Amino acid sequence: MYRITGHYNINAITTTKHLSYTGTTCIMEITTVSLLVICSPLCMAIYTSNYIHPDAGISSKEIIQKYGYPLEIHTIETEDGYLLETYRIPYGKRNLTSKSQLPVLLVPGLVCTSLIYLNLGPGLSLGFMLADEGYDVWLANTRGTRWSKRHKFLDAVQNEKEFFDYSFHEVGLYDITANIDYILKRTNFKKLFYVGHSQGTTSFFAMAATKPQYNDRIILMIALAPVAYVFNVQNPVVTFVKHHLPEIQKLAEKNRVYELASYSPPLASLGSLLCNDYAVTQIFCASIFYFFGGYSPHFNTTALPAIIAEYPAGTSTRMIFHYVQLAISEQFQMYDYGIDENVKKYGTKTPSKYNISAITAPVALYYGGSDGLSTRSDVEVLIPQLPNLVEKQFIKDYSHMDFQWAKNIVPVLHSKLIEIIKKYSKK
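Quick look at the structure, then. (Residues numbered from 1 in each chain as written. Predicted model: local features only at pLDDT ≥ 70, side-chain atom pairs only at ≥ 80, totals over all residues. Heavy atoms only, no water.)

### Observations regarding the nonpolar core
Part 1: Core analysis: the largest hydrophobic core is formed by 58 residues, its most contacted members being Leu 105, Ile 180, Tyr 194, Phe 204, Phe 205 and Phe 332.
Part 2: If near-sequence neighbours (up to four positions away) are discounted, Tyr 194 is found in contact with Leu 105, Val 107, Ile 176, Gly 200, Phe 204, Ile 218, Leu 220, Met 221 and Ile 222.
Part 3: Formed by 57 residues, the second largest nonpolar core is a distinct cluster that contains Phe 128, Tyr 290, Tyr 398 and Met 401. (Core = buried A, V, L, I, M, F, W, Y, C linked by side-chain atoms within 4.5 Å. Buried < 20%, exposed > 50% of the residue type's maximum accessible area, 1.4 Å probe, protein only. Contact = heavy atoms within 4.5 Å.)

What follows is the structure in structure tokens.
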């Protein structure tokens, strides 16, 4: 009996060791396979790093200089103390002249810098094309983004809450007006051209409606993927925040989250590796843009390493909250601080609506049918309210990002923009 029991114990021990060994081997094999699956794309990306886009990782200033264009760097102080970095290309490579040219102010969208008007390079990006057509190009960087995170009295880190206490309203009332005033004074012109993409249009509309005297300083405003009404945006993230805005606002305040999507050099470097044409992970990079801005077959994925060089560039949580408030209210209105603060600021319990009828500057508007952020339905609510709409073009298969980075952007969009700017230059 003892021997039988002992026999079975020996077998049990042997079996246990065998199972233990087998299990360990299995786990090691699974771990090895998992690591290979995870690491292979990165290794492949690193292996193919010699094929990265030639403009990957370079800034607005660097790309202007790289292609031999003249560069001026201007620091513009706003009425509320922000120090903005604005770049100037006074002339192009095809018109080396000191003769004064009409100024054009280019304003980027949400979490973007002036690089969006440059990173496809000469002959493709609007900033370079306008300079080569003889225009005096000014490229804005709005507050809180990579190149405009300075203030006379506030530090963006030490005084984060106060520094990032703004939305597109303050960008319009202070940043855009400061740029316009500075440029007109510097160039001795009385008017300029304005080109805005996405948030760059929202801020303009807020400015022109609230400070209508600035309408007289605009030759023509070009709105690319314009955003005023946003109640037809169906993005799941926007929908979630809409339904939980008070809780998210409290959570952000509790955790002192005042800045979002700040510029990250490691992310830009990683993007150069993972998002280039030879990386199998490029589709994941593109999918992030598709998720928010809408899918498009025209999106120039080859340019992704150059795009991510300064994207995202940072914004405030209040900026996002303001846009979500627009989606909830289905109005184009000022920031909702709550009943008590609204009464103090606006004299009413609810926020004041922007007076769109006061936007008397000529507006040329371009919007797309695949845009997930500037939807066709929302833009077509805005269109009949603009009193001086001189041009509108609907591009059926353009998404939000295509207005900066489409493969066919020159024949579909930029050639038309230059044509209408030339037309209004003669008036």
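So, next bit.
### Some words on the packing of helix α5 (residues 168-187) against helix α12 (residues 317-329)
Part 1: The N-to-C vectors of α5 and α12 enclose an angle of 110 degrees; their axes lie 8 Å apart at closest approach. For the element pair α5 / α12, the angle class is roughly perpendicular. Facing Phe 168, His 169, Glu 170 and Val 171 of α5, the residues of α12 in contact are Arg 318, Met 319, His 322, Tyr 323 and Leu 326.
Part 2: Partitioned by chemical class, the residues of the contact of α5 with α12 number 5 nonpolar, 2 polar and 2 charged. (Axes fitted to C-alpha atoms, helices over the stretch in contact; angles between N-to-C directions. Helix = DSSP H or I, 4+ residues; strand = E, 2+ residues; numbered from the N terminus. Parallel < 35°, antiparallel > 145°, perpendicular 65-115°, else oblique. Nonpolar A, V, L, I, M, F, W, Y, C, P; charged D, E, K, R; others polar.)

### A few points about the pairing of strand β7 (residues 218-224)
Working note: regular strand, side chains alternate between the two faces of the sheet.
Part 1: Most of β7 is tucked away: 7 of the 7 residues are buried.
Part 2: Pairing of strand β6 (residues 192-197) with β7, which is carried by 6 bridges, proceeds in the parallel orientation. Directly across from Val 195, in β7, lies its bridge partner Ile 222.
Part 3: Taking the sense of rotation as the criterion, the β-α-β connection linking β6, helix α6 (residues 199-210) and β7 turns out right-handed.
Part 4: Sheet analysis places β7 next to strand β10 (residues 363-368), joined by 4 bridges and oriented parallel. Among the inter-strand pairings, Ala 223 is bridged to a residue of β10, identified as Leu 365. (Pairing = 2+ DSSP bridges. Right-handed = clockwise from strand over helix to strand, strands pointing away.)

### Quick notes on the pattern of salt bridges
A side chain of one charge can pair with a side chain of the opposite charge if their charged atoms are brought near each other.
Part 1: Scanning all chains against the criterion turns up 18 salt bridges.
Part 2: One salt bridge in this structure joins Asp 55 and Lys 66, with 2.5 Å as the shortest N-O distance. Linking Asp 55 in the loop between α1 (2-47) and α2 (60-66) with Lys 66 in helix α2, this pair joins segments that are 11 residues apart in sequence.
Part 3: Lys 66 gets classed as partly exposed once you look at its relative accessible area, which sits at 41%.
Part 4: When the shortest N-O distance is used, the salt bridge between Glu 380 and Arg 376 registers 3.1 Å. You can see Glu 380 and its partner Arg 376 sitting in helix α14 (residues 376-382), 4 residues apart, about one turn around the helix.
Part 5: Looking at Arg 376, the relative accessible area reads 42%, which means it is partly exposed. (Salt bridge = Lys/Arg side-chain N within 4 Å of Asp/Glu carboxyl O.)

### Some points on the pairing of strand β1 (residues 72-77)
Part 1: Sheet topology places β1 next to strand β2 (residues 82-89); 6 bridges connect them, and they run antiparallel. From the neighbouring strand, His 74 faces β2, where its bridge partner is Thr 86.
Part 2: A loop of 4 residues connects β1 with β2, the two strands running antiparallel in sequence, and Gly 81 in this loop sits at a positive phi of about 95 degrees.

### Overview of the side chain of Asn 215
Part 1: Mapped onto the fold, Asn 215 is located in the loop between α6 and β7.
Part 2: Judged by its relative accessible area of 3%, Asn 215 is buried.
Part 3: Among the polar contacts made by the side chain of Asn 215, one reaches the main-chain carbonyl oxygen of Ala 358 at a distance of 3.1 Å.
Part 4: Contacts of Asn 215, omitting those with residues within four sequence positions, involve Ala 208, Ala 358, Ile 359, Thr 360 and Ala 361. (Polar contact = N/O pair within 3.5 Å; in protein donor to acceptor, adjacent residues only side chain to side chain.)

Limitation: the analysis is restricted to geometry and does not speak to function.
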